[in-house]
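An overview of the molecular structure
Take a look at the letters that make up each chain.
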Amino acid sequence: GYNNRAGVYAKFSRYPEALADFEKAARLNPGNFRIYLNRGVMLKINRQYDAALGDFNNAIAVNPGYPRIYVEMGNVYALQEKFDLAVEQYSKALQLAPDDPSIFLRRGITYYRLHRSREALEDLENVLRIDPGNHRASEYKQLMNRGPAK
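Description of the structure in this document. (Residues numbered from 1 in each chain as written. Predicted model: local features only at pLDDT ≥ 70, side-chain atom pairs only at ≥ 80, totals over all residues. Heavy atoms only, no water.)

Right, let's get into the overall build of the protein. Scanning the protein for helices and strands turns up 9 helices and 0 strands. Pairs at least 24 apart in sequence give 41% of the contacts found in the protein among residues at least 6 apart. As displayed, the protein offers around 8300 Å² of accessible surface, 49% of which is attributable to carbon and sulfur atoms. Seen as two clouds, the 22 positive and the 17 negative side-chain charges of the protein have centres 4 Å apart. (Helix = DSSP H or I, 4+ residues; strand = E, 2+ residues; numbered from the N terminus. Contact = heavy atoms within 4.5 Å. Areas by Shrake-Rupley, 256 points an atom, 1.4 Å probe, with all protein chains shown as cover. Lys, Arg positive; Asp, Glu negative; His and termini not counted. Charge placed at Lys NZ, Arg CZ, Asp CG, Glu CD.)

Structure below.
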């Protein structure tokens, strides 16, 4: 259907076609949260942040228990440098997926950008507890030892 074809278009960076097919898929199947999630990601890639957030909110209305939606919302807020809102969304995602190192990493980096070193360090240590070989978490811990975020 349109949702699958939109995914193929997206894979080949044909975003206008992907967005058009996601629009058709959403009209035909408004109860499918993945359509809103995927279209929101495409809108984010196209820097249409408000529209992306609208789709993520629609996805949450259909399926509030899917952590990736909150991660994507956090990513949009981080791109907009609304770091407090990003932390809030990452925290919601962690309530649903408490052992996901990638979410701890995103939130830790965001805390770092907010100059909240204690929380950043705690999240980075959680990443390394779950995934001891995580190089990004190790790199951010080293950065924190050098000084505050720019």
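Taken N-terminus to C-terminus, the directions of helix α1 (residues 2-11) and helix α2 (residues 15-28) make an angle of 165 degrees; their axes are 8 Å apart at the nearest point. What the angle tells us is that α1 and α2 run roughly antiparallel. As α1 runs across α2, the sense of the crossing is left-handed. Counted together, Y2, N3, R5, A6, G7, Y9 and A10 of α1 and Y15, E17, A18, D21, F22, K24, A25 and L28 of α2 form the full contact between these two elements. Of the residues assigned to the contact of α1 with α2, the class counts are 9 nonpolar, 2 polar and 4 charged. (Axes fitted to C-alpha atoms, helices over the stretch in contact; angles between N-to-C directions. Parallel < 35°, antiparallel > 145°, perpendicular 65-115°, else oblique. Left-handed = near helix turned anticlockwise from the far one by under 90°. Nonpolar A, V, L, I, M, F, W, Y, C, P; charged D, E, K, R; others polar.)

The next subject is the packing of helix α3 (residues 33-45) against helix α5 (residues 67-79). Their axes nearest at 11 Å, the elements α3 and α5 cross at an angle of 20 degrees. Classified by the angle between their axes, α3 and α5 sit roughly parallel to one another. Between α3 and α5 lies a crossing whose hand is left-handed. For the pair α3 and α5, contact is made by F33, L37, N38, V41 and K44 and by R68, I69, E72, N75, V76 and L79, respectively. Taken together, the residues of the contact of α3 with α5 break down into 6 nonpolar, 2 polar and 3 charged.

Here we take up the side chain of D21. In this structure, D21 sits in helix α2. Exposure remark for D21: the relative accessible area of 2% places this residue in the buried category. Setting aside residues no more than four positions away along its own chain, D21 makes contact with Y2, R5, A6 and Y9. (Buried < 20%, exposed > 50% of the residue type's maximum accessible area, 1.4 Å probe, protein only.)

A few words on the side chain of S91. Turning to its location among the elements, S91 is positioned in helix α6 (residues 83-96). For S91, a relative accessible area of 19% translates into the label buried. Look past the residues within four positions of S91 in its chain and what remains in contact with it is R107 and Y111.

Okay, the nonpolar core next. Core analysis: the biggest nonpolar cluster contains 49 residues, and M42, F56, I69 and I103 have the highest contact counts within it. Contacts of F56, omitting those with residues within four sequence positions, involve Y36, L37, G40, V41, I69, E72, M73 and V76. (Core = buried A, V, L, I, M, F, W, Y, C linked by side-chain atoms within 4.5 Å.)

What follows is about the packing of aromatic side chains. The full count for this structure, using the stated rule, is 2 aromatic pairs. Summarising the aromatic geometry, the rings of Y112 and Y140 are spaced 5.5 Å apart at their centres and angled 80 degrees between planes, so their arrangement reads as edge-to-face. With Y112 in helix α7 (residues 101-113) and Y140 in helix α9 (residues 135-146), this pair connects stretches of sequence that are 28 residues apart. Here Y112 matches Y140 in class, with each residue buried. (Phe/Tyr/Trp six-rings, centres within 6.5 Å; stacked < 30°, edge-to-face > 60°.)

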